[in-house]
Amino acid sequence: MVDKLQDVPLTAGNWQVAYDGGGQTHFPLDGTGDLVFYPQKARTSGQTFASLILLKSTVDTPINDFVARLEVTTVSQLRSSTPNDWEVFWFVSNYRKDPKLIKTANYFLQKPNTGVEMGRFFEETGQKFLMTSEAAKLSVGQRSTYYFAKQGKRYRVFRDGVQVLDYQGKEMPESLYDQAGALGLYAEDAVVRIHSFAFRAL
């Protein structure tokens, strides 16, 4: 799984900011530092802000099945009041928008208190939970290396050498989106630092 991955510099030439949630995105000019991004701070319980950055090569040439390696830290949660458990880094794949700007995508996140979650985004704010597990939790501020592997309707995730998710969907609505799309980095009400990224289309 880990052989022959293509390292992607963390520069603006390789990544596209889909939206920044009114916040900031800092790309290292020479690609040797970290990519840091975050939306603006939510100050009331009714507010939420998010940032999404897409890998340009997969926007231009969408991919379906892939292996990706990612080193990432959720540095801090931004909400002024008590943060929600999902306000951390999310990995997005198979991201697609149709001409009417309706999005579909798969996502993965690992939460501080309730563990891993796998699901699908759709339309403006639609969300389908496919799998959750409290067996694997991740503290805010903890740096980790992930491997993501999608093959058809199977999706596996390894963190620091340990498998934390193995999902095999069958038919909708319990299946992943098995479609060509972009890979993405997402932050919801959190500061995220990306240390490295590599991938290979299968």
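Residues numbered from 1 in each chain as written. Predicted model: local features only at pLDDT ≥ 70, side-chain atom pairs only at ≥ 80, totals over all residues. Heavy atoms only, no water.

### Quick word on the overall build of the chain
Move 1: Within the chain, the secondary structure is distributed over one helix and 15 strands.
Move 2: Computed over the C-alpha atoms, the radius of gyration of the chain is 16 Å, within 12% of the 17 Å expected from 2.2 N^0.38 for a compact globule of 202 residues.
Move 3: By principal-axis analysis of the C-alpha atoms, the chain measures approximately 40 × 40 × 40 Å.
Move 4: Split into buried and exposed, the 202 residues of the chain put 49% on the buried side.
Move 5: Across the chain, every contact between residues at least 6 apart in sequence was considered, and the portion connecting residues at least 24 apart equals 63%. (Helix = DSSP H or I, 4+ residues; strand = E, 2+ residues; numbered from the N terminus. Rg over C-alpha atoms; globule rule 2.2 N^0.38 Å. Buried < 20%, exposed > 50% of the residue type's maximum accessible area, 1.4 Å probe, protein only. Contact = heavy atoms within 4.5 Å.)

### Here's the deal with the layout of surface pockets
Move 1: Estimates place the volume of the largest pocket at around 510 Å³.
Move 2: Around the largest pocket sit 22 residues that line it, and Lys103, Phe121, Glu124, Thr125 and Tyr186 are the ones nearest its centre.
Move 3: Examining the composition of the lining of the largest pocket, we find that four residues originate from one element, strand S7 (residues 89–97), more than from any other.
Move 4: Of the residues contributing to the lining of the largest pocket, the split by class is twelve nonpolar, four polar and six charged. (1 Å grid on protein atoms, 1.4 Å probe; cavity = no way out; pocket = protein on both sides within 12 Å on 5 of 7 lines; lining within 4 Å. Points joined across faces, edges and corners; volume = space filled by probe spheres on them. Nonpolar A, V, L, I, M, F, W, Y, C, P; charged D, E, K, R; others polar.)

### Points about the packing of aromatic side chains
Move 1: Summed over all chains, the structure comprises 13 aromatic pairs.
Move 2: Put simply, the rings of Phe66, Phe91, Phe108, Tyr146, Phe148 and Tyr155 pair up and form one aromatic cluster. (Phe/Tyr/Trp six-rings, centres within 6.5 Å; stacked < 30°, edge-to-face > 60°.)

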